[in-house]
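Residue-level structure breakdown
Single-letter residue listing:
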Amino acid sequence: QVQLVESGGGLVQAGGSLRLSCLASGRTLSNYAVGWFRQAAGKEREFVATLVWRGGYTYYADSVKGRFTISRDNAKNTVYLQMNSLKPEDTAVYYCAAERLPNTVRAANEYDSWGQGTQVTVSS
């Protein structure tokens, strides 16, 4: 399995920006998709964005498209989520996850490895 450690969460005002980082270790990522999910209080975990390592393909939830950008640093084995124009409804715990031999990249139950989560709070 891949070990994942998130960082970069915090408190920000609406309209502000944050960058989350996900450091991966334990496996080479060439056969993985690495992505972000979020879970707000009282709600189910939902897909945010993912990056398929082989080819660099990216996918986004409609709710974040145009505001969030997922990217990677190959040398650091790190995936980033740049979040701009944040809204109060983006408040959630954000989880990094990895799916081996990705197929259905938007489904949480397809992901094999999960980080511990990082809190993002957007105040109005």
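See the structure above.
Keep in mind that this is a model prediction, so the values were computed, not measured.

**A short note on the environment of Gln82**
Topologically, Gln82 is positioned in strand 8 (residues 78-83). Taking the C-alpha atoms as reference, Gln82 lies 6.4 Å from Ile70; in sequence the two are twelve residues apart. Residues contacting Gln82, with those up to four places away along its chain left out, are Ser17, Leu18, Arg19, Arg67, Phe68 and Thr69. A distance of 2.9 Å separates the side chain of Gln82 from the side chain of Asn84, its partner in a polar contact.

**As for the state of the cysteines**
Linking two cysteines covalently through their sulfur atoms gives a disulfide. Applying the stated criterion to the full structure yields one disulfide. Residue pairing for Cys22: its cysteine sulfur links by disulfide to Cys96, the two sulfurs lying 2.0 Å apart. Since a negative S-S torsion denotes a left-handed disulfide, the Cys22-Cys96 link at about -75 degrees is left-handed. Taken together, the residues span a long stretch of sequence, with Cys22 in strand 3 (residues 18-25) and Cys96 in strand 9 (residues 92-100) at a distance of 74 residues. Each of the two residues, Cys22 as well as Cys96, counts as buried.

**Considering the pattern of salt bridges**
Counting across every chain of the model gives four salt bridges. Among the ionic pairs, Asp62 bridges to Lys65, the shortest N-O distance being 3.3 Å. The exposure class of Asp62 is exposed, given its relative accessible area of 66%. The class of Lys65 is partly exposed, set by a relative accessible area of 49%. Arg67 serves as the salt-bridge partner of Asp90, at 2.8 Å between the closest nitrogen and oxygen. Of this pair, Asp90 sits in the loop between strand 8 and strand 9 while Arg67 sits in the loop between strand 6 (57-60) and strand 7 (68-73), and the two are 23 residues apart along the sequence. The exposure classification of Asp90 matches that of Arg67, with both residues buried. Taken together, the shared-partner salt bridges connect Arg38, Glu46, Arg67 and Asp90 into one network.

Conventions adopted
Residues numbered from 1 in each chain as written. Predicted model: local features only at pLDDT ≥ 70, side-chain atom pairs only at ≥ 80, totals over all residues. Heavy atoms only, no water. Helix = DSSP H or I, 4+ residues; strand = E, 2+ residues; numbered from the N terminus. Contact = heavy atoms within 4.5 Å. Polar contact = N/O pair within 3.5 Å; in protein donor to acceptor, adjacent residues only side chain to side chain. Disulfide = S-S within 2.5 Å. Buried < 20%, exposed > 50% of the residue type's maximum accessible area, 1.4 Å probe, protein only. Salt bridge = Lys/Arg side-chain N within 4 Å of Asp/Glu carboxyl O.

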